[in-house]
Amino acid sequence: MAKQYVMALDLGTTGNRAIVFNQAGDIVGQAYKELTQYYPQPGWVEHDAIEIWQQVQWAIKTAIGEANVDASEIAAIGLTVQRETCLLWDKTTGKPLHKAIVWQDRRTADMCTTLVDHKAEIYERSGLFLDAYFSGTKLRWLLDKVQPENLDNVLAGTIDTWALWNLTDGKVHATDHSNASRTLLMNLATQQWDDKLLDIFGVPRSLLAEIKPSQGIFGYTDPSLLGVEIPIAALLGDQQAALFAHGCDRPGLLKCTYGTGAFLVAHTGKEIVRSKNQLLSTISWTTTKKDSNYELGYALEGSMFTAGACIQWLRDGLQIIDSAADSDPLAKSVKDNGGVYFVPALSGLGAPHWDMGARGAFLGITRGATKAHMVRSVLEAIANQAREVVTAINDDSGTPIMTLKVDGGACHNDFLMQYQADVLGIPVERPAVLDATAQGSAFAAGLAVGFWDDYTTLVNSRKIDKTFEPGPNKAAAQENFATWQQAVERAKGWIA
């Protein structure tokens, strides 16, 4: 049967999704299921890895059914995942030894303070800051907590490694450069696990997966899953997958994904670029070449821990909205934020502050404040975070960003997108397909197996839904930004 489709598996923080794309790059079938979030203590966040694998199986089969296609028609699978979330599992039983620790989790903040003497060397080798956000201290915590009797039976990995191992029925224990570059354990220059970093964090090399290029054949789905073997031909961290989807394959191009967090990533070419403004140096993606080498691209990234998660918190925690969609009309129902400012430090502050002790706060509340003002201030804060990072990227690169390409679930919110254009003073381009993480992994997999021939042509065929231009509220938004920065300073260092 002719290969007419490519599937993307997008394993995110709040849910897991499978999407089937046709030759034109259009979605013909998809399935999504929200993932249970576990909060055993304040600042701790966990996922059940078994639940993730069960949802992957369900989503694959449901998306194929909705598309009304045969599994044998799928040319390849691209896998993209939440980064930094990690776990340990027993390779003989296939069972996790503990729930996965999510990237938002702050339980290892104290451990980071004990390693502060290594901070400069960690940054030089990994391109990352010493922070509980990344996987290195999480894996050390898991090893200390579980204390496995026989390390020979233990495997470690991020969610991509766990999913790949299960998809191939335990035959492939691998990760890619984009995900490995987020662990604090990979040397950015050599693109391999670094002995010094492994020693600093106390993580045995034997537990870790083989690092392979992001674009290329990783393995094949076990026939018991779908009755056929399908090549898994791309593996990317979610933010790098979105960068790929937007066509940001060279310096001067960047995108922002508004998911659980917000992530601004700028491609920097084939050389490592170090930031003056506390942005991360990381890998964009790598592509297998015919001579078994690989093409390599680097990036600068501003990681903001809380974006869409703020809206989820308004819904589930404060219960002042019934759905995420309610936030848009509520924000528009008031002429301004009523003097209310929100600091989105529910998991500390990421770029450009990197303050593990910061905590979320509403400031400026008076008796005149309503839930509409609070919701509006939350949406403004999401955009204000992005403004900080765009400013930092502009300063690092010396070339001002002229357009911001966006994606992610929160981009449905027109108020947020218009405020983002106003506070930045540049156009914001929203594509028709907001699941750019999934689209990017599908594009990468399809190109790897020859389903598509030309990357540039493929990217240029993407449809643009709307471009938001800076409007008459531009000056007010930028004035608000200055006040918001004062609020951020007051929320920093709350936990000593």
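Here, the structure is the one placed above.
Predicted model only: the values in this text are computed from it and were never measured.

Engineer: Sorry if this is basic, but what is going on with the nonpolar core here?
Structural biologist: The tendency in soluble globular proteins is for nonpolar side chains to be buried side by side. Counting 105 residues, the largest nonpolar core has Leu 139, Phe 201, Tyr 258, Leu 264 and Leu 404 as the members making the most contacts within it. Residue contributions to this core peak at twelve residues, all from helix α12 (residues 371-397). Other than its neighbours up to four places away in sequence, Leu 139 contacts Cys 86, Leu 87, Leu 88, Ala 156, Leu 185, Val 203 and Leu 208. In terms of nonpolar packing, the next biggest core, distinct from the first, is built from 41 residues, Tyr 5, Leu 9, Ala 67 and Ile 230 among them.

Engineer: Explanation requested: the environment of Leu 185 in the structure shown.
Structural biologist: Along the chain, Leu 185 falls in the loop between α6 (177-180) and β10 (186-187). A sequence separation of 166 residues divides Leu 185 from Ala 351, and the C-alpha atoms of the two residues are 20 Å apart. With near-sequence residues (within four places) excluded, Leu 185 lies in contact with Gly 136, Leu 139, Gln 192, Trp 193, Asp 194, Leu 197, Leu 198, Phe 201, Val 203 and Leu 208.

Engineer: Is there a simple way to think about the packing of helix α10 (residues 308-316) against α12 in this case?
Structural biologist: Axes are the key here: two packed helices are described by the angle between their axes and the distance separating the axes. Between α10 and α12, the least distance of the axes is 9 Å, while the angle of their chain directions is 165°. Taken together, the axis directions place α10 and α12 in an arrangement best described as roughly antiparallel. Seen from above, α10 lies across α12 with right-handed handedness. From α10, Cys 310, Ile 311 and Leu 314 reach across to α12, where they touch Val 375, Val 378, Leu 379 and Ile 382. Class assignment of the residues belonging to the contact of α10 with α12 gives a composition of seven nonpolar, no polar and no charged.

Engineer: Explain the layout of surface pockets to me, please; I cannot follow it from the model alone.
Structural biologist: Take a probe with the size of a water molecule and roll it over the atoms, and the empty space left behind shows itself. If you add up the space inside the largest pocket, you get close to 990 Å³. What lines the largest pocket is a set of 40 residues, and nearest its centre among them are Thr 14, Tyr 258, Gly 259, Thr 260 and Gly 409. Elements supplying a minimum of two residues to the lining of the largest pocket: β2 (15-22), β3 (27-34), α9 (238-245), β15 (254-258), α10, α11 (327-332) and α14 (436-448). Here the element with the most residues in the lining of the largest pocket is α10; it accounts for five residues. Split by residue class, the lining of the largest pocket holds eleven nonpolar, 19 polar and ten charged.

Engineer: It is not clear to me how the pairing of strand β16 (residues 262-269) should be interpreted in this structure. Could you clarify?
Structural biologist: Working note: regular strand, side chains alternate between the two faces of the sheet. The buried fraction of β16 is high, at eight of eight residues. Strand direction decides the pairing type here: β15 and β16, joined by five bridges, are antiparallel. Across the sheet, the residue bridging to Tyr 258 is Ala 262, located in β16. Counted between consecutive antiparallel strands, the loop separating β15 from β16 contains three residues. The sheet contact formed by β16 and strand β18 (residues 294-304) spans seven bridges and is antiparallel. Across the sheet, residue Phe 263 finds its bridge partner in β18, namely Ser 303.

Engineer: Would you take a moment to explain the packing of aromatic side chains for this structure?
Structural biologist: Geometrically, a pair of aromatic rings is defined through the distance of the ring centres and the angle of the planes. Here the structure, examined in full by the defined rule, presents 22 aromatic pairs. Relative to Tyr 133, the ring of Trp 103 has its centre 6.0 Å away and its plane inclined at 70°; by these criteria the two rings are edge-to-face. Of the two residues, Trp 103 is situated in the loop between β7 (100-101) and α2 (109-114) and Tyr 133 in the loop between α3 (119-126) and α4 (135-146); the sequence distance between them amounts to 30 residues. Owing to a relative accessible area of 3%, Trp 103 belongs among the buried residues under this scheme. Residue classification places Tyr 133 among the buried positions, given a relative accessible area of 0%. Through a chain of ring-to-ring contacts, the aromatic side chains of Trp 103, Tyr 123, Phe 129, Tyr 133, Phe 134, Phe 263, Phe 305 and Trp 354 assemble into a single cluster. If you follow Lys 33 out to its NZ or CZ, it ends over the ring of Trp 58, 4.2 Å from the centre. It is Lys 99 that lies over the ring of Tyr 38; its NZ or CZ is 4.7 Å from the centre.

Engineer: Is there a simple way to explain the pairing of β3 in this structure?
Structural biologist: Pairing between β2 and β3: seven bridges, direction antiparallel. Within β3, the residue paired with Val 20 across the bridge is Gly 29. Adjacent in sequence and paired antiparallel, β2 and β3 are bridged by four residues, among which Gly 25 carries a positive phi angle near 85°.

Engineer: Which parts of the structure should I look at to understand the packing of α12 against helix α13 (residues 414-424)?
Structural biologist: Contact geometry of α12 with α13 gives a least axis separation of 9 Å together with a crossing angle of 40°. Here α12 lies oblique to α13, going by the angle between them. Between α12 and α13 the crossing geometry is right-handed. Residue-level inspection shows Arg 376, Leu 379, Glu 380, Ile 382, Ala 383, Asn 384, Ala 386, Arg 387 and Val 390 of α12 in contact with α13, the latter providing Phe 415, Leu 416, Tyr 419, Gln 420, Val 423 and Leu 424. Of the residues that constitute the contact of α12 with α13, the class distribution is ten nonpolar, two polar and three charged.

Reading the values: the criteria
- Numbers given for residues are sequential positions, taken from 1 along each chain in its written order.
- It should be noted that, the model being predicted, local features are given only for residues of pLDDT at least 70 and side-chain atom pairs only at 80 or more, the latter also being counted only at that level, while totals for whole chains, interfaces and linings use all residues.
- No hydrogens and no water enter the side-chain calculation; it runs on all heavy atoms of the structure.
- To define a nonpolar core, start from buried Ala, Val, Leu, Ile, Met, Phe, Trp, Tyr and Cys residues and group those joined through side-chain atoms within 4.5 Å.
- A 1.4 Å probe rolled over the protein chains alone gives each residue an accessible area, and that area as a share of the maximum for its type sets the label: buried under 20%, exposed over 50%, partly exposed in between.
- Only DSSP runs of H or I with at least four residues qualify as helices, and only runs of E with at least two residues qualify as strands; both kinds are numbered from the N terminus onward.
- Residue contacts follow a heavy-atom distance rule, with two residues in contact if any of their heavy atoms lie within 4.5 Å.
- Axis definition: a line fitted to C-alpha atoms, over the contacting stretch in the case of helices. Angles run 0 to 180 degrees between N-to-C directions.
- The cut-offs work like this: below 35 degrees is roughly parallel, past 145 is roughly antiparallel, 65 to 115 is roughly perpendicular, and the gaps in between are oblique.
- Helix crossings fall into two classes, left-handed where the near helix is turned counterclockwise from the far one by less than a right angle and right-handed where it is turned clockwise.
- The residue classification treats Ala, Val, Leu, Ile, Met, Phe, Trp, Tyr, Cys and Pro as nonpolar and Asp, Glu, Lys and Arg as charged. All others, Gly included, are polar.
- As defined here, a cavity is a set of points on a 1 Å grid over the protein atoms alone where a 1.4 Å probe fits but cannot get out. A pocket is an open set with protein on both sides within 12 Å along at least five of seven lines, and residues line them when an atom is within 4 Å of a point.
- Grid points are joined across faces, edges and corners, and a volume is the space filled by probe spheres set on the points.
- Only when DSSP finds a minimum of two bridges between them are two strands counted as paired.
- Note on ring pairs: Phe, Tyr and Trp rings are taken, using the six-membered ring of Trp, and paired if centres are within 6.5 Å. Classes follow the plane angle, with under 30 degrees stacked, over 60 edge-to-face and the rest tilted.
- We count a charge as sitting over a ring when the NZ of a lysine or the CZ of an arginine lies within 6 Å of the ring centre and within 35 degrees of the ring normal.

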